[in-house]
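Listed below, chain by chain, are the residues.
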Amino acid sequence: MSSNTAPSRQQDTNIKVPLISKIAYGLGDVGCNFSWMFVGNFLMIFYTDVCGISMAAVSLLMLVSRFWDAINDPVIGSLSDRTRTRWGRYRPWLLIGAPLTAVVLVLTFWAHPAWPDRAKSLYMYITYCVLVLGYTCVNMNVNEVIGNRANEILTGHKGTEKVHPNTHVNMGQSTNDTIPSATHLGMIGRVDELIKQLDLLAASLRKKEEEFKDVVKVGRTCIQDALPLTLGQEFSGYASVVERMARKVRHLRPGCFEIVMGGSAVGTGFSAAPGYKDALYVELSKQYGEEVKPMENLFDGFQNPDFIVEVSGVLKEVAMTLSKICKDFRLMGSGPRSGFMEVNVPALSPGSSIMPGKINPTVPEMVIQISHQVVGNDVAISMAYDEGELDLNVWDATFYKCLFENFQLINSELEILRVHCVDGMTANKERCAQEANSSIALSTVVATALGYPMGVKVAHYCEQTGKNVREAVVEMGLMTVEEAKKLVDPMLMTNPHAAGPVVDAFKKEKKLI
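Here the structure is a predicted model, which means the values were calculated and not measured.

Draft legend 1. Spatial organisation of the overall build of the protein. Check the secondary structure of the protein and you find 21 helices and six strands. Every one of the 513 residues in the protein was classed for burial, and the buried ones make up 42%. When contacts within the protein are restricted to residue pairs at least 6 apart in sequence, long-range pairs at least 24 apart make up 72% of them. Accessible area of the protein: about 26,300 Å², with a carbon and sulfur share of 60%.

In structure tokens:
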């Protein structure tokens, strides 16, 4: 019998494990720990903000829970390993762990701010440590599921013959190195998507720059009339800043491939098998097709998640830049009768339940609101970084929740902004030209040709009479109709290289130079 089964088992061990299985089952334990970190960090916020327990007491709890977790895992593992049931070694412990975790989690929130400080702290320590106990039981079952599936792939049957839930599934790993590493690697796809969306938006803005190159309009500084420019020039500024944001995001990408795997609990790598770390990075590099490497100093990596703060800062820059552009779109598209009315922002939905025909700039306003959330998340990430202490920053859940939410918000809004706003935007050429020709700021060309005091006189004359600058210089006898038509030209003033020779020719004719 054994001679017949041995070759079969030997053949099964040579089965190539699909990459999807490696990733799915390999990250199963990470996912379990990931969810626990969310629960744990949420409770930390509850303890401090709701219960009013001091940060020092909560930080001490984290230290105690680390020691308790280190004792808890092997004890439960040893008990589970001696369990013999038809459901497996660990499954019965799930029946204890899952209800225990749920009940204690509910009891945790019974803590009341009015309790004495010592009572709140004691209650916190009891509930949290019991919660860790229940979680360990749940985690052990996850390990068994992964181990059994691995054995099925390798040997054709469940068991611990090739892969043991404790010895192999948990081998050389700690939540402290897997979760930060998974965060870095998880950012790669999101960074790539952000670069792609920024590049696409920049390309759309460049198209509008070309489309609007002959649309002259009045410039505005301090929301007051300023020198004219073309709508295309204005959009070139938008395209340029989006391109710059894309370059900043590209600069972040290499940091996503630097992780702390192999450092185990505090960066020493204790409990990891010889060769584990080197083999791990080789395999990760193969799977990603790019070099994944350890941080230069793992102790630094455990203590200081400053790269997360850097990424969050760039995301904030992107969000605020998009917000500024969209605020401009709202102003330029305001109207339709008494606003700037320079551009037409695509109408997506009715803007009022009481005013017929009113259309709101819904996409720009969505982008502006997203920037509020992104900035808030960035503040939370900054505070979580600031709260780190000693050999590990434990506020991982704040990083993950806020950072990945920002990625999701910005990546989604970029496509919506491009497709449903920028691509469909058109210019009101007549309105832009009317504003440009009637702007008193055109008196600047008079100041350039005839001196600043004369420019001021022309500006005052326009204010008093309601004339435009071209009409004013003719009525004041400063220029002929032809000279005024040639010099007081908003489009000419958008191009200094073309305007300079025209002004110099006028000065020479008037013998001013």
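Picking up where we left off.
Draft legend 2. Region of interest: the packing of helix H12 (residues 306-332) against helix H13 (residues 362-386). Contact geometry for H12 and H13: axes closest at 8 Å, N-to-C directions at 160°. Our classification of the angle between H12 and H13 gives roughly antiparallel. The handedness of the crossing between H12 and H13 is left-handed. Class assignment for the residues of the contact of H12 with H13 results in 15 nonpolar, four polar and six charged.

Draft legend 3. Representation of the pattern of salt bridges within the structure. Using the criterion set out here, one finds 21 salt bridges in the structure. A salt bridge links glutamate 211 to lysine 208, with the shortest nitrogen-to-oxygen separation between them at 3.1 Å. Of this pair, glutamate 211 and lysine 208 both sit in helix H8 (residues 175-211), three residues apart, which is roughly one turn of the helix. With relative accessibility at 44%, the residue glutamate 211 sits in the partly exposed group. For lysine 208, a relative accessible area of 7% corresponds to the buried category. A salt bridge links arginine 431 to glutamate 435; its shortest N-O distance comes to 3.4 Å.

Draft legend 4. Looking closely at a negative patch on the surface. There is a patch of like negative charges on the surface, built from Glu296, Asp300, Asp306 and Glu310. Tracing the sequence through the fold places aspartate 300 in helix H11 (residues 298-303).

Draft legend 5. Structural view of H8. In this model H8 runs 54 Å from its N-terminal to its C-terminal C-alpha over 37 residues, within 8% of the 54 Å that 1.5 Å per residue would give. By the largest-angle criterion, isoleucine 188 marks the main kink of H8, which is about 30°.

Draft legend 6. Spotlight on the nonpolar core. Grouped together as the largest cluster of nonpolar side chains are 73 residues, with contacts concentrated most on Met187, Leu198, Leu205, Phe235, Phe329 and Leu417. Of all elements in the fold, only H8, helix H9 (231-256), helix H10 (276-288), H11, H12, H13 and helix H14 (396-422) reach the threshold of two or more residues within this core. Counting residues per element, this core draws most heavily on H12, at twelve residues. In this structure leucine 417 touches Leu201, Leu322, Cys326, Val363, Val367 and Val422, once residues within four positions along its chain are discounted. Within the second largest apolar cluster, 17 residues are counted, among which are Leu442, Val446, Val473 and Ala484.

Draft legend 7. Quick look at the packing of aromatic side chains. What the rule picks out here adds up to six aromatic pairs. Between phenylalanine 212 and phenylalanine 235 the ring centres are 5.2 Å apart and the planes differ by 75°, which places this aromatic pair in the edge-to-face class. Within this pair, whereas phenylalanine 212 is found in the loop between H8 and strand S1 (216-221), its partner phenylalanine 235 is found in helix H9, the two being separated by 23 residues in sequence. You'll find phenylalanine 212 and phenylalanine 235 in the same group, each marked buried. Relative to phenylalanine 407, the ring of phenylalanine 404 has its centre 6.4 Å away and its plane inclined at 45°; by these criteria the two rings are tilted. Placement of both phenylalanine 404 and phenylalanine 407 in helix H14 is noted, with a separation of three residues, approximately one turn of the helix.

Draft legend 8. Molecular detail of the pairing of strand S2 (residues 224-230). Across six bridges, S1 lies against S2 in antiparallel orientation. Across the sheet, threonine 221 pairs through a bridge with glutamine 224, a residue of S2. A loop of two residues connects S1 with S2, the two strands running antiparallel in sequence, and cysteine 222 in this loop sits at a positive phi of about 55°.

Draft legend 9. Fine view of the confidence of the model for the protein. When pLDDT is averaged across the protein, the result is 83; 76% of the residues are at 70 or more. A low-confidence stretch, residues 1-13 (pLDDT under 50), is modelled with ten contacts involving residues beyond four sequence positions or located in other chains.

Draft legend 10. View of H10. For H10, with 13 residues, the first-to-last C-alpha span of 18 Å sits near the 18 Å given by 1.5 Å per residue. Along H10, the positions that sit buried rather than exposed are Tyr276, Leu280, Tyr281, Leu284 and Ser285. Seen from one end, H10 has its buried residues packed into an arc of 160°, which puts them on one side. The exposed set on the far side of H10, more than 90 degrees from its buried face, consists of Asp278 and Lys286.

Draft legend 11. Highlighting the side chain of lysine 507. For lysine 507, the location among the structural elements is in helix H21 (residues 496-509). A distance of 3.1 Å separates a polar side-chain atom of lysine 507 from the backbone oxygen of threonine 448. Dropping the residues within four chain positions of it, lysine 507 is found in contact with Thr448, Ala449, Leu512 and Ile513.

Draft legend 12. Focus on the packing of helix H16 (residues 443-450) against helix H17 (residues 452-465). Where H16 meets H17, the closest approach of the two axes is 7 Å, and the angle between their N-to-C directions is 150°. Regarding the angle of H16 to H17, the classification is roughly antiparallel. Note on packing geometry: the crossing formed by H16 with H17 is right-handed. Every residue of H17 that contacts H16 at Ser443, Val446, Ala447 and Leu450 is listed here: Tyr452, Met454, Gly455, Val458 and Ala459. Partitioning the contact of H16 with H17 into residue classes produces seven nonpolar, two polar and no charged.

Draft legend 13. Local environment of the environment of serine 59. Here serine 59 lies in helix H4 (residues 55-81). Taking the C-alpha atoms as reference points, serine 59 and valine 394, 335 residues apart in sequence, are found 9.2 Å from one another.

Draft legend 14. Broad picture of unusual backbone geometry. A cis amide bond links glycine 335 to the next residue, proline 336, at an omega of 10°. Residue position: proline 336 is located in the loop between H12 and strand S5 (343-344). Positive phi values are uncommon outside glycine, yet leucine 390 reaches one of about 50°. Structurally, leucine 390 can be placed in the loop between H13 and H14.

Cut-offs and rules
- Residues numbered from 1 in each chain as written.
- Predicted model: local features only at pLDDT ≥ 70, side-chain atom pairs only at ≥ 80, totals over all residues.
- Heavy atoms only, no water.
- Helix = DSSP H or I, 4+ residues; strand = E, 2+ residues; numbered from the N terminus.
- Buried < 20%, exposed > 50% of the residue type's maximum accessible area, 1.4 Å probe, protein only.
- Contact = heavy atoms within 4.5 Å.
- Areas by Shrake-Rupley, 256 points an atom, 1.4 Å probe, with all protein chains shown as cover.
- Axes fitted to C-alpha atoms, helices over the stretch in contact; angles between N-to-C directions.
- Parallel < 35°, antiparallel > 145°, perpendicular 65-115°, else oblique.
- Left-handed = near helix turned anticlockwise from the far one by under 90°.
- Nonpolar A, V, L, I, M, F, W, Y, C, P; charged D, E, K, R; others polar.
- Salt bridge = Lys/Arg side-chain N within 4 Å of Asp/Glu carboxyl O.
- Patch = residues over 30% accessible without salt bridge, like charges linked within 9 Å, V, L, I, M, F, W, Y side chains within 5 Å.
- Lys, Arg positive; Asp, Glu negative; His and termini not counted.
- Charge placed at Lys NZ, Arg CZ, Asp CG, Glu CD.
- Expected span 1.5 Å × (residues − 1).
- Bend = angle between axes of the 7 residues up to and from the residue.
- Core = buried A, V, L, I, M, F, W, Y, C linked by side-chain atoms within 4.5 Å.
- Phe/Tyr/Trp six-rings, centres within 6.5 Å; stacked < 30°, edge-to-face > 60°.
- Pairing = 2+ DSSP bridges.
- pLDDT = per-residue confidence, 0-100.
- Arc of directions from axis to C-beta.
- Polar contact = N/O pair within 3.5 Å; in protein donor to acceptor, adjacent residues only side chain to side chain.

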